[in-house]
Amino acid sequence: MAKTKLISPFPKQFTDRQWGRYVKQGRDMVEEDTSVQFRLGDLTLKMVKPKGRGVNHGVFLVLDRFADEIGSNVNTLVDYRHVAIAWPPDERAPGVSWSVHAALDALPDRFEVIRQPPEGRERWTEDLALSRAGRLPHRPLTKEEKLDRVRTLMREDESASKAVEEMIRRPDVAQRVMSSPSNQRILYRAHHEQREQAAAARFAAAHERDEAADEVPEVQQVRRREPAVDYQRASSEVLELIGSGTAFLVDLQRMIPGLHVAEFTEREVRAVLDNHRRIRAALDWCDSALSTGDKSMDEELARILSEGDEQS
């Protein structure tokens, strides 16, 4: 491919000639570095003959001691050795950096690929090579590459929670996320599970208090209610039903004393009352199912439960 004239991307700072001179000097230095990196890799292959691609058993100890002797890092030498094995001297592309060779080293057709830069590009860059190899580039450009970078950074729970905290500080972004019904369901489910866990913890604490009270002399015991179920033996469905109801009751006990009822509009009051009507209908349905075993839903109940607050 014919070389094109270098045009300064910063004309106010560098002329085309100055820019071209700096680029040439930089490329010469990168080529020198590439030569040294490959030579060091080849040297490790000469010291310990490879039995296959990669670092063989026992090689690391040799390279570790060798790295100390020459003032280098053993992992750096391991990388040099790995890339030197992947790229025999006759297949190395002149003028292409060691980093690009390293990025493409796993491709089965790497010897052909490295000699064909992407369409419209005169030279390979490391990020282009990483993308071509299906690896995450250092500077993601496409939407999918950026999403891959985010997924990588959010693999740890702590990092993910910090990222979400940053997100909700941007109302425009948070609004776009919450406009998705699927995201709303995910957050609701997480909140619901958290409330159930809290309710289960309260039950466990109450059970421990009950057991502690059993050890108090009978004359000192305050009359108390016996536990309704054995929470250690009850099924998950029973615990979920009790936990859901208890969480609802606890929320109401927390909210009602602080309600600013005088500030509610008539429409808002009707909306809350209608919602409570649906809740009562659902509770009656649950009670009927528990008492009779019949879990079917009649048309009237279905109508009540499916109502929104548009009539309020």
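Residues numbered from 1 in each chain as written. Predicted model: local features only at pLDDT ≥ 70, side-chain atom pairs only at ≥ 80, totals over all residues. Heavy atoms only, no water.

J.: I tried to follow the overall build of the protein chain on my own but got confused; where do I start?
T.: Looking only at helices and strands, the protein chain has 13 helices and zero strands in total. In sequence order, the secondary structure elements of the protein chain are arranged as α-α-α-α-α-α-α-α-α-α-α-α-α. Buried positions account for 20% of the 312 residues belonging to the protein chain. Here the analysis covers contacts within the protein chain between residues at least 6 apart in sequence; of these, 43% occur between residues at least 24 apart. (Helix = DSSP H or I, 4+ residues; strand = E, 2+ residues; numbered from the N terminus. Buried < 20%, exposed > 50% of the residue type's maximum accessible area, 1.4 Å probe, protein only. Contact = heavy atoms within 4.5 Å.)

J.: I tried to follow the packing of aromatic side chains on my own but got confused; where do I start?
T.: For any pair of aromatic rings, the description consists of the separation of the ring centres together with the inter-plane angle of the planes. Taken as a whole and assessed by the stated rule, the structure comprises five aromatic pairs. Taking 5.5 Å as the distance between ring centres and 65° as the angle between the ring planes, the aromatic pair formed by W87 and F111 counts as edge-to-face. On the criterion of sequence distance, the pair formed by W87 in the loop between helix 3 (74-86) and helix 4 (98-103) and F111 in helix 5 (residues 110-113) is long-range, its members being 24 residues apart. On the basis of relative accessibility, which here comes to 23%, the residue F111 falls in the partly exposed class. Pairwise contacts between aromatic rings join F10, F14, W19 and Y22 into one cluster. Here R21 stacks its cationic end above the ring of Y22, 6.0 Å away from the centre of that ring. Here R110 stacks its cationic end above the ring of W87, 6.0 Å away from the centre of that ring. (Phe/Tyr/Trp six-rings, centres within 6.5 Å; stacked < 30°, edge-to-face > 60°. Lys NZ or Arg CZ within 6 Å of the ring centre and 35° of its normal.)

J.: Is there a simple way to think about helix 2 (residues 59-70) in this case?
T.: An α-helical turn contains 3.6 residues, so any two residues separated by three or four positions project in the same direction. Given a rise of 1.5 Å per residue, twelve residues ought to cover 16 Å, and the 16 Å separating the end C-alpha atoms of helix 2 matches this to within 8%. Taken as a whole, helix 2 has its buried residues at V59, L63, F66 and A67. Buried residues along helix 2 cover an arc of 105° about the axis, so they all sit on one side. Facing away from the buried side of helix 2 by over 90 degrees, the exposed positions are L61, R65, D68 and E69. Its buried side turned inward, helix 2 meets helix 1 (16-47) and helix 3. (Expected span 1.5 Å × (residues − 1). Arc of directions from axis to C-beta.)

J.: For this particular structure, what's the right way to read the pattern of salt bridges?
T.: With the rule as written, the count across this model stands at seven salt bridges. Between E69 and R65 there is a salt bridge whose closest N-O contact spans 3.1 Å. Of this pair, E69 and R65 both sit in helix 2, four residues apart, which is roughly one turn of that helix. Like R65, E69 is exposed. A salt bridge links D109 to R132; the nearest nitrogen and oxygen atoms lie 3.9 Å apart. With D109 in the loop between helix 4 and helix 5 and R132 in helix 6 (residues 126-132), this pair connects stretches of sequence that are 23 residues apart. (Salt bridge = Lys/Arg side-chain N within 4 Å of Asp/Glu carboxyl O.)

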